[in-house]
Structures are given as structure tokens and as C-alpha cells.
Amino acid sequence: MNEEQLRALNCKVIERLKLISRVKSAVSMKDFNLMDRVYFNDKGKRVVGTIIRLNQKSVSVKTDDGHDWLISPCMLTKIIEPEVNPHQASRNDPCYCGSGKKYKKCCR
């Protein structure tokens, strides 16, 4: 191969690598929505915040201490908060229906 062919091949390889990078970024962005709680590591320290903007290649995060960060989506981890059922009661709690009976005797 001569130098011109190598340059053309190099340009095609670079274009392909950029395309792969854009696809990886788009795939990792699909996991996040606005106002999601996320965390990432900064110098070994866990930083927690909320997504305030989804950019084309990055995510804007407002941390709990008030700082704004632009982070690559592959660096973020979504915090999954357990769903709490307001009607979930233990056996000896008063029933949530308001009858005054214990939950175990009323609305199981």
C-alpha cells in the first residue's frame, strides 16, 4: 500500500471508531431520565446527585453539595430506591383502612 491508500484507510478507521463511540454513548444514555438519582466516583470518593440535563454525549448532574458536573453516562450508576408500599403494615399495626382493628384481624 502506498501512503495515500494508508491515509484513506486511516480516515475510515477513525470514522468507524467515532461512530462506535457515539453508539456506545447513546446506548448508555438510554438508562437515565431527568431527575434520576445517580452516583459516581471522584478520586475514590462517592459523589451523589440528581440528573438535571441529558446532553448529546454527557449528563449534567447537580450533586447534593450544590456542585454541577458534566459526566460521561458510562461513569454514572443509577440509585434504585426501593418502592415503599404505604399500605404495608405488620400484623400488630392498626389497619390502614381506619377501622381501628389490628391489621391481622382486618384487611389481610
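Placed above this text is the structure.
Since we're looking at a predicted model, the values are computed, not measured.

**Considering the overall build of the protein chain**
Next, step 1: Along its length, the protein chain carries one helix and five strands.
Next, step 2: Going residue by residue from the N terminus, the α and β elements of the protein chain occur as α-β-β-β-β-β.
Next, step 3: Burial status across the protein chain gives 20% buried among its 108 residues.
Next, step 4: Excluding contacts between residues fewer than 6 apart, the proportion of contacts in the protein chain whose partners are at least 24 apart in sequence is 27%.

**Examining helix α1 (residues 3–29)**
Next, step 1: Compared with the 39 Å implied by 1.5 Å per residue over 27 residues, the 39 Å span of α1 between its first and last C-alpha is a close match.
Next, step 2: If you check which residues of α1 are buried, you get S25, S28 and M29.
Next, step 3: Tucked inside the fold, the buried residues of α1 contact β2 (45–54) and β3 (59–63).
Next, step 4: Measuring from the side-chain oxygen of the N-cap residue of α1 to the backbone nitrogen of E4 gives 3.2 Å; that N-cap residue is N2.

**Side note on the sheet that holds strand β4 (residues 68–71)**
Next, step 1: An order of β4-β3-β2-β1-β5 is seen for the five strands of this open sheet, with the pairing classed as antiparallel. If you trace the sheet from one side to the other, it starts and ends with β4 and β5 (77–78), each paired once.

**Description of the packing of aromatic side chains**
Next, step 1: The tally for this structure, following the rule as stated, stands at one aromatic pair.
Next, step 2: When the ring centre of Y39 is taken as reference, the NZ or CZ atom of R46 above it lies at 3.8 Å.

**Re the nonpolar core**
Next, step 1: Counting residues in each nonpolar core, the largest one holds ten residues, listed as M29, F32, V38, F40, V47, I51, V59, V61, I71 and L76.
Next, step 2: For this core, the secondary structure elements donating two or more residues are β1 (37–42), β2 and β3.
Next, step 3: Once residues within four sequence positions are removed from consideration, F32 is found in contact with V38, I51, L54, P73, L76 and K78.

**Regarding the environment of I52**
Next, step 1: Tracing the backbone through its elements, the reader meets I52 in strand β2.
Next, step 2: Once the C-alpha coordinates of I52 and D68 are considered, the two residues, 16 residues apart in sequence, prove to be 9.2 Å apart.
Next, step 3: Ignoring any residue separated from it by four or fewer positions in sequence, one finds I52 in contact with L34, S60, V61, K62 and D68.

**Notes on unusual backbone geometry**
It is generally the case that most residues other than glycine have a negative phi and that most peptide bonds are trans.
Next, step 1: Its identity is not glycine, yet M35 carries a phi of approximately 70°, on the positive side.
Next, step 2: The exposure class assigned to M35 is exposed, which follows from its relative accessible area of 60%.
Next, step 3: One non-glycine residue with positive phi stands out, namely K43, at about 55°.
Next, step 4: Structurally, K43 can be placed in the loop between β1 and β2.
Next, step 5: Exposure remark for K43: the relative accessible area of 83% places this residue in the exposed category.

About the criteria used
- Residues numbered from 1 in each chain as written.
- Predicted model: local features only at pLDDT ≥ 70, side-chain atom pairs only at ≥ 80, totals over all residues.
- Heavy atoms only, no water.
- Helix = DSSP H or I, 4+ residues; strand = E, 2+ residues; numbered from the N terminus.
- Buried < 20%, exposed > 50% of the residue type's maximum accessible area, 1.4 Å probe, protein only.
- Contact = heavy atoms within 4.5 Å.
- Expected span 1.5 Å × (residues − 1).
- Polar contact = N/O pair within 3.5 Å; in protein donor to acceptor, adjacent residues only side chain to side chain.
- Pairing = 2+ DSSP bridges.
- Phe/Tyr/Trp six-rings, centres within 6.5 Å; stacked < 30°, edge-to-face > 60°.
- Lys NZ or Arg CZ within 6 Å of the ring centre and 35° of its normal.
- Core = buried A, V, L, I, M, F, W, Y, C linked by side-chain atoms within 4.5 Å.

All quantities given are derived from atomic positions and should not be read as evidence of function.
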